[in-house]
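# Tertiary structure, described
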Amino acid sequence: MLHPERCLPHRLTAEERRRFDEQGYFTVEDALSPGQVAALTEISDRIWDAKVAAGQDPHKGLFYPNFIPDSPLFQDLVDYEKTLPKVWGILGWNVYLYHAHLIVTPPSGQERSDKTFGWHQDSGRVNKEIECHPRPRLSLKVAFFLSDTSEEGRGNFWVVPGSHLKDEMPMPDGGEGQPDGAVPVLAKPGTAVFFDRRIWHAGTPNWSDVTRKVLFYGYSYRWLRTKDDMTVSHLWDEADPVRRQLLGWGVNSNGFYTPSDEDVPLRGWLKEHSPEEAG
């Protein structure tokens with residue numbers, strides 16, 4: 001449940017808005033406490049161990065979508081007091097969690113190289129089929145870092161700052177090197193990274209001996225389809241109204257496009273506690 005005294009101090013700041021609009025991302029250190037990091041890491045490790053036992057190659061990365069039902073601690077981050085206020089500050093109140101995935105990147109055992117990473121914008125066909133420039137924002141992700149990627153070479157998340165306003169990204173010839181301006185995001189455990197889906201970004205090889213673990217929470221407008229299967233409807237009955245909205249509940253299909261107050265309890269909460277953001 002959202003508590004105004006705990007979440008309102010974490011609303012989007014003017015500097016965060018500037019950085020998001022201009023650079024396409026920003027970071028918040030210590031968004032998670034050491035205790036939260038430890039507890040979330042333990043659950044993520046159990047998932048990893050189960051996947052390895054079921055045949056996952058322990059030397060290859062794990063992309064595990066739809067992890068929200070696996071633990072109440074994962075569910076608590078859906079409307080987390082230190083991050084959700086920044087989400088609604090960027091996207092507004094007609095939002096929900098449309099995508100969630102856990103990524104585990106173990107040490108690759110490979111020698112370091114300068115091979116061009118897999119640079120991309122999120123959302124697939126959206127980038128081909130919507131005819132406008134720049135492409136629409138539509139969504140953002142909050143990445144919670146559970147492992148220490150404060151040094152480069154640990155499977156870091158790389159971005160090209162400001163590239164969310166570019167529909168194309170020239171790549172180096174010959175498959176060697178990275179695009180102009182590309183930088184690694186150096187994140188300590190507990191850091192949350194907010195990024196626009198349009199920013200050109202890449203996952204990278206892990207040349208270290210540290211296993212990289214990150215939880216990605218993707219938020220979008222309620223009228224956009226989920227990106228992966230989101231089997232969370234069984235959580236609705238025990239969720240408070242705002243979390244239920246964020247988990248995809250709605251009165252009827254039209255309410256995703258023309259929402260009533262019943263459809264979007266987050267707006268009602270904002271009317272009471274932060275009315276300037278409820279417009």
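The following paragraphs examine the structure supplied in this document. (Residues numbered from 1 in each chain as written. Predicted model: local features only at pLDDT ≥ 70, side-chain atom pairs only at ≥ 80, totals over all residues. Heavy atoms only, no water.)

A count of helices and strands for the chain gives 8 helices and 9 strands. Counting only C-alpha atoms, the chain reaches 55 × 45 × 35 Å along its principal axes. Taking all 279 residues of the chain together, 51% fall into the buried category. A sequence separation of at least 24 residues applies to 85% of the contacts in the chain between residues at least 6 apart. Summed over all atoms, the accessible surface of the chain reaches about 13,100 Å², with 50% contributed by carbon and sulfur. Looking at charge distribution, the chain has the averaged site of its 31 positive side-chain charges lying 2 Å from that of its 41 negative ones. (Helix = DSSP H or I, 4+ residues; strand = E, 2+ residues; numbered from the N terminus. Buried < 20%, exposed > 50% of the residue type's maximum accessible area, 1.4 Å probe, protein only. Contact = heavy atoms within 4.5 Å. Areas by Shrake-Rupley, 256 points an atom, 1.4 Å probe, with all protein chains shown as cover. Lys, Arg positive; Asp, Glu negative; His and termini not counted. Charge placed at Lys NZ, Arg CZ, Asp CG, Glu CD.)

Time to look at the pairing of strand β9 (residues 212-221). Counting buried positions over the 10 residues of β9 gives 9, a clear majority of the element. Bridge analysis of strand β3 (residues 95-105) against β9 gives 10 bridges, and the strand direction is antiparallel. Each bridged residue has a counterpart across the sheet, and for Leu102 the counterpart in β9 is Leu215. By the bridge criterion, 7 bridges tie strand β4 (residues 139-145) to β9 in an arrangement that is antiparallel. Bridge pairing in β9 places Leu140 opposite Tyr219. (Pairing = 2+ DSSP bridges.)

Attention now moves to the sheet that holds strand β5 (residues 157-159). Paired through backbone hydrogen bonds, the strands of a sheet run either parallel or antiparallel to each other. Strands sit in the order β6-β5-β8 across an open sheet of 3 strands; the sheet is antiparallel. Across the chains shown, the open sheet's two edge strands, defined by having one partner strand only, are β6 (183-185) and β8 (201-202). Examined bridge by bridge, β5 and β8 share 2 bridges and lie antiparallel to one another. The residue of β8 that forms the bridge with Trp158 is Ala202.

Right, let's get into the pattern of salt bridges. This model, assessed by the stated rule, comprises 22 salt bridges. Close ionic contact of Arg46 with Glu42 constitutes a salt bridge, the shortest N to O distance being 3.6 Å. Placement of the pair is Arg46 and Glu42 together in helix α3 (residues 34-53), with a separation of 4 residues, close to one helical turn. Judged by its relative accessible area of 51%, Arg46 is exposed. (Salt bridge = Lys/Arg side-chain N within 4 Å of Asp/Glu carboxyl O.)

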